[in-house]
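# Structural overview for review
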Amino acid sequence: MQALSIRGLAKTYSNGVQALSGIDLEVPEGEFFALLGPNGAGKTTAIGIITSLVTKSAGSVAVFGHDIDRELERAKSCIGLVPQEINFNMFEKVFTIVVNQAGFYGIPRRAAVERAEECLRQLQLWEKRDAIARTLSGGMKRRLMIARALVHRPRLLILDEPTAGVDIEIRRSMWVFLREINARGTTIILTTHYLEEAENLCRQVAIIDRGRIIENDRMSNVVRKLNQETFVLNLRDAASAPPDLPGYAARLLDDHTLEVDVSKDQGLNDIFARLSAQRVEVLSMRNKVNRLEELFMRLVEAPAPVRAGVA
Amino acid sequence: MAATPLPRLEDAPAWRIRWVGYLTILRREWGRIIRIWGQTLVPPAVTAALYFIIFGSLIGRRIGEMDGFDYIQYIAPGLIMMSVITNSFGNVVSSFFGAKFGKHVEELLVAPLPNWLIVCGYVSGGLIRGLIVGLVVTAVALFFTHLPVAHPFIVIASVVLTSIVFSLGGFFNAIFAKNFEQISWFPTFVLTPLTYLGGVFYSVSLLPAWAEKLSHLNPILYMVNAFRYGFLGASDVDVGIAFAITVAAAVVMFAVVVTLMNRGTGIRE
Ligand SMILES: Nc1ncnc2c1ncn2[C@@H]1O[C@H](COP(=O)(O)OP(=O)(O)O)[C@@H](O)[C@H]1O
Ligand SMILES: [Mg+2]
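Residues numbered from 1 in each chain as written. Chains lettered and ligands numbered in written order. Predicted model: local features only at pLDDT ≥ 70, side-chain atom pairs only at ≥ 80, totals over all residues. Heavy atoms only, no water.

### Examining the site of ligand 1
Residue and element names in this part refer to chain A. Definition in use: Put simply, a residue is near a molecule or strand once any heavy atom of it comes within 4 Å of that molecule or strand. Two N or O atoms count as a polar contact when they lie within 3.5 Å, although within protein this holds only if one can serve as hydrogen donor and the other as acceptor, and sequence-adjacent residues are included solely when both atoms are side-chain atoms. Values of accessible area rely on a 1.4 Å probe in the Shrake-Rupley scheme; residue burial ignores everything except the protein chains shown. Secondary structure elements follow DSSP: runs of H or I of four or more residues count as helices, runs of E of two or more count as strands, with numbering from the N terminus.
Taken together, 13 residues lie around ligand 1, and Gly40, Gly42, Lys43, Thr44 and Thr45 are the ones closest in. One nitrogen or oxygen atom from the side chain of Tyr13 is found 3.5 Å from a nitrogen atom belonging to ligand 1. Relative to its unbound accessible area of 560 Å², ligand 1 is 69% covered by the protein chains. Among the elements that take part in the shell around ligand 1, helix 1 (residues 43-50) stands out by supplying three residues, more than any other.

And the structure:
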């Protein structure tokens, strides 16, 4: 069963900005999935369409098989959303916010009260139940949004940059909590612009940039791709087969061009020694552009996250 | 990998989810009215008391009778209706616009509730506020005068319908409003003038013929008169027509508001 299935999803805002240009995404049930990309890539737009906060321009979305054009209410019942920006009523009490959200999902009052207590305890907010939301610290506000998203026990939990602006300790405890929830069977999709976060939590990652998915793979493969460089070597003499380079992935592009993948902890000396031994003469060498690495250079250049809101 | 099978909320019957959702919206609106009672319940009582003192006791004595009733008695139903109108409208416009402005409208937009139900929830909140304020102002009126009730059913039906119409009006305003200025524009420039010119303080039969005709284009005239008829048994308009107009207004406004919500106007990008 696919928890989420997206086909050809596109969004052009009324001001003409094309935020998504036809993305496809499949997230199987039970997955811990990262949607990773720099600011402005289109992550929040995609989440907004899935949760019906944003209207789509084209494409289709199904949540646990419920198409949002045909079975919107059922699709919505399956999702819990932790939005990027705080969106609870600042003047309401913590407990009221969570109980009411359960009610909006159709959970009768008595059960709603029990579940609200359970969720607030899980997120260490029970002592704050009677506090007015406005008075919570930044980290508590984030946790309140997570409690609210879990109160109807969604099968799919979507978190849009849940740890942005949260200090490192709270971030780590949130990670532990999310892993637990996932282990108990909830499918999780989170968006982030921290590679570290995706690497720590997620098994599958889709990388989004300028409204397109440019990579969708197991996290481990992506990390490997990130840690390797590809060199293009020009050979003096025509070769009919790639030279023997144990430990390296080498391919002939044509009889004078050899491509070699080198992971960052491997040296180049060994390659040249082996090529010399096989009497292969290299005329020139260049570094092939690594699209992923290029993207992550931009992620690194992005403004540093605000460190605010201690619990 | 799932240790325990998760209960399937999505398989619950839609009517049950909707009913609980509706009650929850209502509960939240009720909580809001009570939480900010100093803004929701006190001002209408104070305003009404001032009207009764000035127009009823001080000036009213010099005016004498209107349509065969004490002036203060004559204006009492109109003043009650006026506060019902302003408060129903005000409750929904500020609550729904506030939800848009504070983004917590998203709590409802992500929930499995149809838009018509969300509209019904807010309108019911406006109705509750309208009726409570109506009762409060009636209580104030009883300090100053005696109010007969000629047709109780008409009193109740007209106040409920009018409150629904103006709650929907408040919702409509909130959908289009982009800032707080735009939620005070309509009450100031449309609602208040129409109410004052809607026969709250005078019988339109006293007006010159052209002004009387013009007054009949004002929907509030019909609502105020139907309500007054319920108390005093006197009306400037045909009560049947008044009800037809009010019901039609409610149906049309409901359809318009739900259509706008379905299109996402003002709430979804
Ligand atoms: N409401 C909006 N109106 C117009 N453009 C928008 C709106 N929201 C987002 N955008 C634009 O759409 C693009 C994607 O934004 P967003 O989905 O928020 O990206 P991300 O969440 O990955 O940072 C950006 O160029 C952003 O400026
Ligand atoms: Mg975003």
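Back to the text.
### Describing the interface of chain B and chain A
Worth spelling out the cut-off: The contact rule is simple, with two residues in contact once any of their heavy atoms fall within 4.5 Å. Defined in terms of a 1.4 Å probe, buried area is the accessible area two parts forfeit on being brought together, summed over both. A pair is scored as a salt bridge if a Lys or Arg side-chain nitrogen falls within 4 Å of a carboxyl oxygen belonging to Asp or Glu. Residues are grouped as follows: nonpolar covers Ala, Val, Leu, Ile, Met, Phe, Trp, Tyr, Cys and Pro; charged covers Asp, Glu, Lys and Arg; every other residue, Gly included, is treated as polar.
Contacts between the two partners involve 35 residues from chain B and, on the opposite side, 44 residues from chain A. Summed over both partners, the interface of chain B with chain A buries about 3,500 Å², with 53% contributed by carbon and sulfur atoms. If you look at where chain B meets chain A, you find three salt bridges. Two residues, Glu107 of chain B and Arg148 of chain A, come together in a salt bridge whose shortest N-O distance is 2.7 Å. Summed over the shared surface of chain B and chain A, the number is ten residue pairs in polar contact (both at pLDDT 80 or more). Counting residues per element, the ones that place at least two in the side of chain B that touches chain A are helix 1 (14-35) and helix 5 (105-109) of chain B. Take the side of chain B that touches chain A: its biggest share by element is ten residues, from helix 1 of chain B. Of the residues assigned to the side of chain B that touches chain A, the class counts are 17 nonpolar, five polar and 13 charged.

### A closer look at the environment of Arg129 of chain B
All names here are of chain B. Along the chain, the position of Arg129 falls in helix 6 (residues 115-144). A sequence separation of 127 residues divides Arg129 from Val256, and the C-alpha atoms of the two residues are 23 Å apart. A polar contact of 2.7 Å, which involves the side chain of Arg129, links it to the side chain of Asn91.

### Description of the domain arrangement of chain A
For clarity, the cut-off: What fixes the domain bounds is an automatic or database domain assignment.
Under the domain assignment used here, chain A contains domain 1 (2-224) and domain 2 (228-289). For domain 1 of chain A and domain 2 of chain A, the distance between their C-alpha centroids amounts to 45 Å.

### Points about the coordination of the magnesium ion (ligand 2)
All names here are of chain A. Note the cut-off: Nitrogen, oxygen and sulfur within 2.8 Å of a metal are treated as its donors, or within 3.2 Å for sodium, potassium and calcium (Na, K, Ca); water is not counted, so a site can appear incomplete. Throughout, exposure labels follow a simple rule: accessible area from a 1.4 Å probe, protein chains only, divided by the maximum for the residue type, with under 20% read as buried, over 50% as exposed, and the rest as partly exposed.
Bound to the magnesium ion (ligand 2) on the protein side are Thr44 (OG1) and Gln84 (OE1), at distances that span 2.0 to 2.2 Å. Separated by 40 residues along the polypeptide, Thr44 in helix 1 and Gln84 in the loop between strand 6 (79-82) and helix 3 (94-104) bring together distant segments of the chain. By relative accessible area, Thr44 is classed as partly exposed at 38%.

### Digging into the sheet that holds strand 11 (residues 228-235) of chain A
Residues and elements named next belong to chain A. For clarity, the cut-off: DSSP bridges decide pairing: two strands pair if at least two such bridges lie between them. For helices, the fitted line uses only the C-alpha atoms of the stretch in contact; every axis is such a line through C-alpha atoms, and the angle between N-to-C directions lies from 0 to 180 degrees.
In spatial order, the strands read 12-13-11-14; together these four strands make up an open sheet with antiparallel pairing. Of all the strands in the sheet, the pair left with one neighbour each is strand 12 (249-254) and strand 14 (282-288). Across the sheet, the axes of successive neighbouring strands diverge by a mean angle of 25 degrees, strand direction being ignored. Relative to strand 14, strand 11 runs antiparallel, the two being bridged by six bridges. By the bridge assignment, Leu235 is partnered in strand 14 with Val282.

### Some remarks on the nonpolar core
In plain terms, the rule: Each nonpolar core is a collection of buried residues, namely Ala, Val, Leu, Ile, Met, Phe, Trp, Tyr and Cys, held together in the definition by side-chain atoms within 4.5 Å.
Grouped together as the largest cluster of nonpolar side chains are 106 residues, with contacts concentrated most on Val61 and Val63 of chain A together with Phe52, Phe96, Leu113, Tyr122 and Phe171 of chain B. For this core, the leading source of residues is helix 4 (residues 71-101) of chain B, giving 17 residues. The residues contacting Val61 of chain A, other than those within four sequence positions of it, are Leu4, Ser5, Ile6, Leu9, Ile49, Ile50, His66, Asp67 and Ile68 of chain A. The next biggest cluster of nonpolar side chains, apart from the first, holds 48 residues, and it includes Ile97, Val99, Leu150 and Phe177 of chain A.

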